[in-house]
Each structure stands twice: as structure tokens, then as C-alpha cells.
Amino acid sequence: MTDAKTPRNTANAMWGGRFAAGPDAIMTAINASIGFDRRLYAQDIRGSRAHAAMLAAQGIITSSDAEAIREGLLTVLSEIEAGDFPFSEALEDIHMNVEARLKDIIGEPAGRLHTGRSRNDQVATDFRLWVRDQCDAAIDGLRALIGAALAQAEVGADWVMPGFTHLQTAQPVTWGHHMMAYVEMFGRDLSRFQDARKRMNESPLGAAALAGTGYPIDRFATAAALDFDRPMANSLDAVSDRDFALEFLSAASICAVHLSRLAEELVIWSSAQFRFVSMSDKWSTGSSIMPQKRNPDAAELIRAKIGRILGATVALFTVMKGLPLAYSKDMQEDKEQVFDAADSLMLALAAMTGMLSDLTANREKMEAAASAGFSTATDLADWLVREAGLPFRDAHHVTGSLVAMAEAKGVDLPDLTLEDMQSVNPAITNDVFNVLGVHNSVASRQSYGGTAPDQVRAQIARWRDLL
């Protein structure tokens, strides 16, 4: 909440003597960021504690001042976590709010905390720490989601279902194979967040406003204290870089696309026309007027989250695209986008993990659908190539004629008689029926990464080892 008791010119006092009057209400509203950057409080206090400890170690401030700062910051942290902290819009941002409260608690030593740093490197450090934490959360969330998909794949490694292209029946696959496709997709998402985390793990702290500082600070010490690999090597880049946020948003957008694609399939598969899967009551809702309805609302909302996340990505790219070095106030617009995208992503990951964990696949419905729609036509064409010696294009033509015949008779390919088939091509023998069943079809797909149950189980084992 805003502290109504804070005097109007407090912000002026924080800026120093340059300004004779405080900003008016509109300037305060557009300039203040405390309404959203208060989420950085833990990272801000952690960075300040590391900075104060370094200042003392370097003899820039006394040990007693550093200890007072450390204890005071812990008090501020406890007040914020307890909900007792008087956030003030007049103090603009989380940095000034924390520093002002620290001064209330410990007095003069608080004024020495900001030695050798600027709000420019301070916010860059806070934000980088926060995004790094979100990468860790996304990595954990994806591991859980992959685990749920692997469990579904293990159960249905040999459950036959139709594979689709253009949402038309194409060839039989297995439920396990379909689930493993998403494991691969989410695995790439996992690696993107891991890779982005490695690249962002450098510390901006100590770059000061843009040029570094004349104080004998130790940036390697603060980097180590904050679990960064190293300090950033260029002070201009350190305060102006938001690549880490853009990479996080880019990885989040791709991940959200994958979540949306799976959500779309769950919506389709749970419909009365498919009935491939049943969602538990935890992830479904009813209709206010149609008692028979069971709506996959959670999946639909996950499907919609890509809009928010992709929107945030485009927004931050747009903010950053024309900024000269080094810091510009435009960068204040970076956080709300990332905060919202991170919240949306984590909610979608958790919901999808819950849905997959509770999902029941309907083996009988899937197998019946796989056996219809001439899904073994390609197997027939392949048999004509292997056994009858036809060129594939000729085999394709023969198979097309047999599909047309079956369609005219209202039956599927395995239901045609040998005489029917030989009327199109006399080289066909009774052995052709060994490849026309859907189970025979999936079992034959033994190429690496294929849908054969043995191949699916091998990929499941590989992922179990990777995780």
C-alpha cells in the first residue's frame, strides 16, 4: 500500500539537491515502479547484503557499519515478508523503499550502503537474480511435466491409436509414441532454460551508473556471494543488457506453444466425437444450463496462455530495439511483462502436469479409431514394394485403387478378400494380410525413433536416464 504519511517532497530528498520541487501527481504515477517491482525485494536485499559485506572487506566502510546494515536489511526483509512494510509510491521503487526504511532503522550507516554502486547496476542485478530464479522454477516444472508424460508413455507403450496428418487419419502409432513426442518437445524447452541460465549467470553489480567506479570494490567477491559465475566484463553492457529477460521470454514462448499444442489435442481427444481421453473432475467444469457437459476448461486456459506470454515477448523486444547505451528509463517497462509471463508459464506448467498425471487414455476407443480410415494403406504399399517387386509409385497407385474399392464396399482394407485385391494386382498373395492389422503395422516400425513398442520403451529408458 502507499504510505499516505510520506511527504510529497520525499522523492526530491532521495534525488538530492538538484530539484527544487517534487513531481506532480502524473509524473509520480508514470515514474513510480514500486507497484510492481516490489516483487524484487528478496533479490534487492540479497544484493545489498553482498555489496555491504564487500565494502567492509575492502575497507571502504567500517565493519560496524556493515554489521548494522546487514542486521537492518534482515529486519526490512522480515517486515516485507510479514506484510508490515510501508511501501511508498513517493519513493519510486523497491531500492529507495528499502534504503529509506533501512535509514529509519539504523540511521546514518544506511547512507553508506550505496557507495560504489548505482540504481542502474542495482536493478540490473536484482532483475537478473529474479529471472535466474524463474529459470530454475521453469526447469523444475518441466522436469515434473516430462515425468508425467513419461508415465503415460510407459502405460501405453503398445496401445494403438491413429496418427494424424492434417488431422486426418494417416498411420497407426502408439499412445506411448505420441506422448514421447511431447517429452522430446518439453526436453528441448528444458535445455533452452538451462542454456539461458548459464548465459545470464554473470553479475552486473559494481558497474555503477555506466562507467564503473573509482572505489576499490571487488566485483568478483560480490559475484561469488550472489552465486554468479563471474562479473560482467563491460560496465556499459552490464547496466543496459536485458538479453537475459528476452531469452527467458523467448524460451517461455516456445514452451507455451508446446503446452498449447498439447492442450489443443486434449480438448479434441476429450470430445464426444473422439473420447480418446477422460479428464478428471479436478481439471473439468460443467455447464450452467447443459447438465451433460464436461468442459476441458483447464486445457483451454493453458491454450490461451501463449497469448499473454508471446505478447510479453513482443513488448520487451519492442522496448529494447531502439535504446542507445546505456540505461534509459524505458527499461522500467521490462519487469511487468516478464513477471506476467513467468506467472502464466508456471501456472500452465503446473496445470498441464496435473492434467497429464490424472488423465485416463481410452485404449479401446483409440484402437478402434486406428483400425478405421485405411490407416494401414502405407503398409500395403510397402508390402507391394518388398514382396511383389513393384516400384513405390506403382505400389502407391495399386494401393489407392484398393482403398477406393474398400471405400465403395463400405469396409476397411483388411476386410477386402484376396480375390478383390488380386483383381487390381495379381501379384498380391495371402501374406498381405499379415501387414494390414494395426498391431502388425506399429510393430513393423522398428527404425530408430519409430512407433514400434520396443522403440518407444527404449526412448522412455533413455529419458529416465537423462532425468
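What you are looking at is a predicted structure, and each value in this text was computed from that prediction instead of being measured.

*Asks:* Can you walk me through the overall build of the chain in this structure?
*Replies:* When its secondary structure is counted, the chain shows 20 helices and 6 strands. For a compact globule of 467 residues, the expected C-alpha radius of gyration is about 23 Å, and the chain comes in at 31 Å, more than 25% above that figure. With the C-alpha coordinates of the chain rotated into their principal frame, the extents come out at 100 × 55 × 35 Å. Sorting the 467 residues of the chain into buried and exposed places 49% on the buried side.

*Asks:* It is not clear to me how the packing of helix 7 (residues 119–155) against helix 8 (residues 175–200) should be interpreted in this structure. Could you clarify?
*Replies:* Each pair of packed helices can be summarised by the angle the axes make with each other and by the distance between the axes. Running from N to C, helix 7 and helix 8 cross one another at 165°; their axes reach a closest spacing of 9 Å. Viewed along their axes, helix 7 and helix 8 adopt a mutual orientation that is roughly antiparallel. You can see that helix 7 and helix 8 cross each other, and the crossing is left-handed. Of the residues belonging to the contact of helix 7 with helix 8, the class tally is 18 nonpolar, 4 polar and 7 charged.

*Asks:* What is the right way to look at unusual backbone geometry in this model?
*Replies:* Across residues other than glycine, the phi torsion is negative in most instances, and most of the peptide bonds are trans. Cis peptide bonds are those with omega within 30 degrees of zero, and the linkage from Leu 325 to Ala 326 qualifies with 10°. Relative to the assigned elements, Ala 326 resides in the loop between helix 12 (297–320) and helix 13 (334–358). Located in the positive-phi region is Leu 167, a residue other than glycine, with phi close to 60°. Take Leu 167: it is sitting in the loop between strand 1 (160–165) and strand 2 (168–174). Owing to a relative accessible area of 54%, Leu 167 belongs among the exposed residues under this scheme.

*Asks:* It is not clear to me how the pattern of salt bridges should be interpreted in this structure. Could you clarify?
*Replies:* Within this structure, the stated rule accounts for 27 salt bridges. Among the salt bridges present, the one from Arg 303 reaches Glu 264, with a minimum N-O distance of 2.5 Å. Of this pair, Arg 303 sits in helix 12 while Glu 264 sits in helix 11 (residues 243–269), and the two are 39 residues apart along the sequence. Relative accessible area serves as the criterion here: at 31%, Glu 264 is assigned to the partly exposed category. Two residues, Lys 282 and Asp 358, come together in a salt bridge whose shortest N-O distance is 3.7 Å. Of the two residues, Lys 282 is situated in the loop between strand 5 (277–278) and helix 12 and Asp 358 in helix 13; the sequence distance between them amounts to 76 residues. In the salt-bridge network here, residues are joined through shared partners; they are Asp 65, Glu 108 and Arg 112.

*Asks:* Which parts of the structure should I look at to understand the packing of aromatic side chains?
*Replies:* Given two aromatic rings, their pairing is described by the distance between the two centres and the angle made by the two planes. Applying the stated criterion across every chain yields a total of 9 aromatic pairs. With a centroid separation of 5.7 Å and an interplanar angle of 55°, the aromatic rings of Phe 193 and Phe 248 are classed as tilted. Here the residue Phe 193 occupies a position in helix 8, and Phe 248 occupies one in helix 11, the gap between them amounting to 55 residues. Just as Phe 193 is buried, Phe 248 falls in that class too. Taken together, Phe 127, Trp 130, Phe 244 and Phe 339 form an aromatic cluster joined through their ring pairs. A cation over a ring is seen here: Arg 38 above Phe 87, with NZ or CZ 4.2 Å from the ring centre. If you follow Lys 335 out to its NZ or CZ, it ends over the ring of Phe 127, 5.5 Å from the centre.

*Asks:* What exactly am I supposed to notice about the nonpolar core here?
*Replies:* One broad trend across soluble globular proteins is that nonpolar side chains are buried collectively. Of all hydrophobic cores here, the largest spans 97 residues; its most connected members are Trp 175, Phe 193, Leu 259 and Met 352. It is helix 11 that contributes the most residues to this core, 16 residues altogether. If we ignore the near neighbours within four places in the chain, the residues touching Trp 175 are Gln 152, Gly 156, Trp 159, Met 161, Trp 269, Val 277, Leu 359, Ala 361 and Met 366. Ranked by size, the runner-up nonpolar core spans 21 residues in total, among them Ala 381, Leu 384, Leu 402 and Leu 436.

*Asks:* Explain the side chain of Asp 241 to me, please; I cannot follow it from the model alone.
*Replies:* You can see Asp 241 is positioned in the loop between helix 10 (235–240) and helix 11. Residue Asp 241 is classed as buried on the basis of its relative accessible area, which comes to 9%. Of the polar contacts made by the side chain of Asp 241, one reaches the side chain of Arg 128; its length is 2.5 Å.

*Asks:* Explain the pairing of strand 1 here, please?
*Replies:* The two faces of a sheet get side chains in turn, since along a regular strand they alternate between them. Bridging between strand 1 and strand 2 involves 6 bridges; their strand directions are antiparallel. Note that in strand 2 the partner of Pro 162 across the bridge is Pro 172. Hairpin connection of strand 1 to strand 2: 2 residues between the antiparallel strands, including His 166 at a positive phi of 60°.

*Asks:* Help me understand the environment of Ala 298, please; the structure alone is not making it clear to me.
*Replies:* Tracing the sequence through the fold places Ala 298 in helix 12. Classification of Ala 298 as buried rests on a relative accessible area of 16%. Once the C-alpha coordinates of Ala 298 and Glu 81 are considered, the two residues, 217 residues apart in sequence, prove to be 31 Å apart. Beyond its immediate stretch of four places on either side in the chain, Ala 298 contacts Trp 283 and Met 355.

*Asks:* I'm lost on the confidence of the model for the chain in this one. Help?
*Replies:* Residues shown with low pLDDT carry predicted positions that ought not to be read at fine detail. Averaged over every residue, the pLDDT of the chain is 90; the share at 70 or more is 93%. Across residues 1–11, confidence stays below pLDDT 50; counting only partners more than four residues off in sequence or on other chains, it has 19 contacts.

*Asks:* Would you explain the side chain of Thr 353 in this entry?
*Replies:* By the element assignment, Thr 353 lies in helix 13. Once residues within four sequence positions are removed from consideration, Thr 353 is found in contact with Gly 141, Ala 144, Leu 145 and Ala 148.

*Asks:* Looking at this model, I keep getting lost on the state of the cysteines. Mind explaining?
*Replies:* Here, the word disulfide means a covalent bond between the sulfur atoms of two cysteines. Applying the stated criterion across every chain, the model contains 0 disulfides. Here Cys 255 is not disulfide-linked; the sulfur of Cys 135 is the nearest cysteine sulfur, at 11 Å.

*Asks:* How should I be thinking about a nonpolar patch on the surface in this particular structure?
*Replies:* Residues Leu 210, Leu 236 and Leu 325 make up a contiguous nonpolar surface patch of about 270 Å² in total accessible area. Structurally, Leu 236 is set in helix 10. A relative accessible area of 32% places Leu 236 in the partly exposed class.

Reading the values: the criteria
Residues numbered from 1 in each chain as written. Predicted model: local features only at pLDDT ≥ 70, side-chain atom pairs only at ≥ 80, totals over all residues. Heavy atoms only, no water. Helix = DSSP H or I, 4+ residues; strand = E, 2+ residues; numbered from the N terminus. Rg over C-alpha atoms; globule rule 2.2 N^0.38 Å. Buried < 20%, exposed > 50% of the residue type's maximum accessible area, 1.4 Å probe, protein only. Axes fitted to C-alpha atoms, helices over the stretch in contact; angles between N-to-C directions. Parallel < 35°, antiparallel > 145°, perpendicular 65-115°, else oblique. Left-handed = near helix turned anticlockwise from the far one by under 90°. Nonpolar A, V, L, I, M, F, W, Y, C, P; charged D, E, K, R; others polar. Salt bridge = Lys/Arg side-chain N within 4 Å of Asp/Glu carboxyl O. Phe/Tyr/Trp six-rings, centres within 6.5 Å; stacked < 30°, edge-to-face > 60°. Lys NZ or Arg CZ within 6 Å of the ring centre and 35° of its normal. Core = buried A, V, L, I, M, F, W, Y, C linked by side-chain atoms within 4.5 Å. Contact = heavy atoms within 4.5 Å. Polar contact = N/O pair within 3.5 Å; in protein donor to acceptor, adjacent residues only side chain to side chain. Pairing = 2+ DSSP bridges. pLDDT = per-residue confidence, 0-100. Disulfide = S-S within 2.5 Å. Patch = residues over 30% accessible without salt bridge, like charges linked within 9 Å, V, L, I, M, F, W, Y side chains within 5 Å. Areas by Shrake-Rupley, 256 points an atom, 1.4 Å probe, with all protein chains shown as cover.

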